[in-house]
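Listed below are the residues making up each chain.
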Amino acid sequence: MDHQSNLSTASSVEHHMEVDPFYASIHDPEVEESQQRSSNNRRHDLLKTIAGVIGNAFEWYDFAIFGFFGDVIADVFFPEQDGNAALIESFAIFGGAFLMRPVGGVLMGYIGDTYGRKKALEISIFLMAFPTFFMGC
């Protein structure tokens, strides 16, 4: 009798799967596995987005510090000049950084598309660290 009820339950599930495709998709192991992968992909995408936002916030923080201390940078890195010429030179460099952002975006975008994001990030970090190191020497 037990065996008979198991058979009727199994045939009932098969019947539902044949009649109702939605029922079949809910109980299909391949669909469940696909949904699990999709959930993992969304989590991975969220983490990548958060990392990008944090990196962008750090970069804007760097620009804000440069702009805030423009007068100090002018006094330290540029020689004594008449009027505000050193401050203007300091802010000219600040403006040059904004002009170079799109150029760097195009260049790093091309490298990222061609060689991968990791390679583009490595090159970008090197290109930022190299001048920073030599400025401190």
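To be clear, the structure that these remarks concern was listed above.
Since we're looking at a predicted model, the values are computed, not measured.

### A closer look at a nonpolar patch on the surface
Then, number 1: A surface patch of nonpolar side chains, about 870 Å² in accessible area, is lined by Y61, I65, F68, F69, V72, V76, F77 and M135.
Then, number 2: Where the nonpolar patch is concerned, the elements lending two or more residues are α3 (29-68) and α4 (70-77).
Then, number 3: Considering the arrangement of structural elements, one finds Y61 in helix α3.
Then, number 4: With relative accessibility at 53%, the residue Y61 sits in the exposed group.

### What to know about the pattern of salt bridges
Then, number 1: This structure, assessed with the given rule, holds 2 salt bridges.
Then, number 2: Here D45 and K48 are joined by a salt bridge, their closest N and O atoms 3.8 Å apart. With D45 and K48 both in helix α3, this residue pair falls 3 residues apart, about one helical turn.
Then, number 3: Given a relative accessible area of 40%, D45 falls into the partly exposed group.
Then, number 4: With a closest N to O distance of 2.7 Å, R101 and E59 form a salt bridge.

### Focus: the packing of helix α5 (residues 85-115) against helix α6 (residues 117-136)
Then, number 1: Running from N to C, α5 and α6 point in directions that differ by 145°, and their axes come no closer than 7 Å. Along its contact with α5, which presents M108, I111, G112 and Y115, the element α6 presents R117, K119, A120, I123, S124 and L127.
Then, number 2: A breakdown of the residues in the contact of α5 with α6 according to their chemical character gives 6 nonpolar, 2 polar and 2 charged.

Parameters and conventions
Residues numbered from 1 in each chain as written. Predicted model: local features only at pLDDT ≥ 70, side-chain atom pairs only at ≥ 80, totals over all residues. Heavy atoms only, no water. Patch = residues over 30% accessible without salt bridge, like charges linked within 9 Å, V, L, I, M, F, W, Y side chains within 5 Å. Areas by Shrake-Rupley, 256 points an atom, 1.4 Å probe, with all protein chains shown as cover. Salt bridge = Lys/Arg side-chain N within 4 Å of Asp/Glu carboxyl O. Helix = DSSP H or I, 4+ residues; strand = E, 2+ residues; numbered from the N terminus. Buried < 20%, exposed > 50% of the residue type's maximum accessible area, 1.4 Å probe, protein only. Axes fitted to C-alpha atoms, helices over the stretch in contact; angles between N-to-C directions. Contact = heavy atoms within 4.5 Å. Nonpolar A, V, L, I, M, F, W, Y, C, P; charged D, E, K, R; others polar.

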